[in-house]
Amino acid sequence: MPTTPRKLAIATGGGDCPGLNAVIRAVVLRAHAAGLEVLGIEDGLNGLLEGTGATVRALTPIEVAPILARGGTVLGTTNRCSPFAWRDGKAPPRDRGDELLARAEALGIDVLINVGGDGSQAISLELARRGMTVIGVPKTIDNDLDATVETFGFGTAVQVVTDALDRLRTTAESHDRTMILEVMGRHAGWIALHSGIAGGADVILIPELPYSPVHVARDLMRTLGTGRHFALVVVAEGCACVGGELSHKPVASGGIGPSSILGGAGQRVAEEIAAVVPELELRVTALGHIQRGGTPTAYDRLLASRLGVEAVEAALRGERSVLVSSQPPDIRTVPLELAVKKMRAVDPRGQLVAHARGLGISFGDA
Ligand code: F6P
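The rules behind these values
Residues numbered from 1 in each chain as written. Predicted model: local features only at pLDDT ≥ 70, side-chain atom pairs only at ≥ 80, totals over all residues. Heavy atoms only, no water. Salt bridge = Lys/Arg side-chain N within 4 Å of Asp/Glu carboxyl O. Buried < 20%, exposed > 50% of the residue type's maximum accessible area, 1.4 Å probe, protein only. Helix = DSSP H or I, 4+ residues; strand = E, 2+ residues; numbered from the N terminus. UniProt positions renumbered as here; feature names shortened; annotations may be inferred. Contact = heavy atoms within 4.5 Å. Phe/Tyr/Trp six-rings, centres within 6.5 Å; stacked < 30°, edge-to-face > 60°. Lys NZ or Arg CZ within 6 Å of the ring centre and 35° of its normal. Near = heavy atom within 4 Å. Polar contact = N/O pair within 3.5 Å; in protein donor to acceptor, adjacent residues only side chain to side chain. Areas by Shrake-Rupley, 256 points an atom, 1.4 Å probe, with all protein chains shown as cover. Nonpolar A, V, L, I, M, F, W, Y, C, P; charged D, E, K, R; others polar. Arc of directions from axis to C-beta. Pairing = 2+ DSSP bridges. Axes fitted to C-alpha atoms, helices over the stretch in contact; angles between N-to-C directions. Core = buried A, V, L, I, M, F, W, Y, C linked by side-chain atoms within 4.5 Å.

Working definition: two side chains of opposite charge can pair if their charged atoms are close together. Applying the stated criterion to the full structure yields 21 salt bridges. For Glu99, the salt bridge goes to Arg96, with nearest N and O atoms at 2.8 Å. Under the relative-accessibility criterion, Glu99 is labelled partly exposed at 30%. Across the pair Lys342 and Asp146 runs a salt bridge whose closest N-O atoms are separated by 3.3 Å. On the criterion of sequence distance, the pair formed by Lys342 in the loop between helix H10 (337–341) and helix H11 (351–358) and Asp146 in the loop between strand S5 (134–138) and helix H5 (154–175) is long-range, its members being 196 residues apart.

See below:
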């Protein structure tokens, strides 16, 4: 590896989220200003693997100029196959890591900037172990990466959910209904908690605080006994009642991915509440991938742009196996291992939950 890199490559992996294009743009702009070439790898790292249909292409400042505000990723992404456990139909998984490294070397890639969540950063780490210079950029709308104070895409998702709550409120008010809104958050309730507070929810159910349907029903009846005729309940897809199971829904994944994903928690909670208080009129909305699409907020564009610039700065400083991390007011680098060490969950005894309780919000837990 030359001390000063000449060619960078960038890939976006895992579930998409608003702000990925802002990172790509920032990397290309900063790299070109420093005289570096940038290759874009399509569909996660698949572009480096034969027969995937994905490829590698040069990215120029002119090409990326208009993508700052665009959601998704112009490079495409995948959250299905790891190159180290590649699946072809029903055949046992095989390791294509060395094939990937050989292709990267043949293309003259000095540094890989890998934008993604914990799964993608675990891949970054393994590539680094096999000799590649990798700089990770953290990404997840779930905001559950421990190595960074915040991730872009999260704020946009919170805004989408808050807008949805504002809309549900007016129809709930008109019909005297209790509206249940299911939101993303597999292992962590950050989206539910932030948007629930911002959108004036009465009950928030998160994975970190197992609930009791009887307590949820009791607290709803308390709210409705204070002159209110409607209520709002926000349910994270990964929440479960005490001793209960998560809810899954079937998906068609083209034979590569899982046959079911999390989903249905909102409907399950509605049925649990109805079993205790059948007199309530309930309606369920599941926001699903609407939370992941569309235009990033100004703050997410800012954060994504700064992470992208700092990733190139780290490459220019000769850093390797690091993750650029938001440590307000700065963007710093931390060891890549930290991105995969543990998930950042909501602290049930933390101030955010306490403040929500201070607003009279129930978690259905006591
Ligand atoms: O991790 C982000 C996330 O959006 C989760 O909240 C959600 O459960 C999952 O991805 C959905 O993944 P997919 O795009 O495969 O349906």
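What follows is about the UniProt feature "binding site: Mg(2+)" (unreviewed entry) in the protein chain. Per the UniProt record, the feature "binding site: Mg(2+)" (unreviewed entry) sits at Asp118. With respect to the helices, strands and loops of the structure, Asp118 is situated in helix H4 (residues 118–129). Asp118 gets classed as partly exposed once you look at its relative accessible area, which sits at 47%. Sequence-distant contacts of Asp118, that is, excluding residues within four places in its chain, are made with Leu145, Ala339 and Val340.

The next subject is the packing of aromatic side chains. Under the defined criterion, the tally for this structure stands at zero aromatic pairs. Its guanidinium or amino end placed over the ring of Phe230, Arg228 lies 4.4 Å from that ring's centre, counting from NZ or CZ.

Here we take up the site of the ligand. For the ligand, the full set of nearby residues is Asn79, Arg80, Asp142, Met184, Gly185, Arg186, Glu237, Ile261, His289 and Arg292. Between the ligand and Asn79 there is a distance of 3.0 Å, counted from an oxygen atom to a side-chain nitrogen or oxygen. Relative to its unbound accessible area of 400 Å², the ligand is 85% covered by the protein chains. Considered class by class, the residues forming the shell around the ligand number two nonpolar, three polar and five charged.

Feature annotation in UniProt assigns "domain: Phosphofructokinase" (unreviewed entry) to the following positions: residues 7–314. For residues 7–314, the end-to-end C-alpha separation is 14 Å, with 36% helix and 17% strand making up the annotated structure.

This paragraph deals with helix H3 (residues 97–106). Gly97, Leu100, Leu101 and Ala104 are the residues of H3 that are buried. Angularly, the buried residues of H3 cover 95° about the axis, an arc narrow enough to put them on a single face. In H3, the exposed residues that point more than 90 degrees away from the buried face are Asp98 and Ala106. Phi turns positive, to about 75°, at Gly108, one or two residues after H3.

Our next topic: the sheet that holds strand S6 (residues 178–183). In spatial order, the strands read S7-S8-S6-S11; together these four strands make up an open sheet with parallel pairing. Strand pairing shows two members of the sheet lacking a second neighbour, strand S7 (203–205) and strand S11 (282–286), which therefore form its edges. Ignoring which end each strand starts from, the neighbouring axes of this sheet average 15° apart. Note: S6 against S11, five bridges, orientation parallel.

A cis amide bond links Pro328 with the next residue in sequence, Pro329, at an omega value of 10°. In this structure, Pro329 sits in the loop between strand S12 (322–327) and strand S13 (330–335). With a phi close to 50°, Asp43 is a non-glycine residue in the positive phi region. Note on placement: Asp43 falls in the loop between strand S2 (37–41) and strand S3 (56–58). A relative accessible area of 28% places Asp43 in the partly exposed class. The backbone of Asp176 shows a phi angle near 55°, a positive value even though the residue is not glycine.

Core analysis: the largest hydrophobic core is formed by 64 residues, its most contacted members being Ile10, Ile113, Val137 and Phe152. The contact partners of Val137, leaving out residues within four places of it in the chain, are Val23, Ile113, Asn114, Val115, Gly116, Gln121, Phe152, Leu307, Ala311, Leu323 and Val324. Of all hydrophobic cores here, the second largest spans 21 residues; its members include Val56, Trp86, Leu100 and Ile109.

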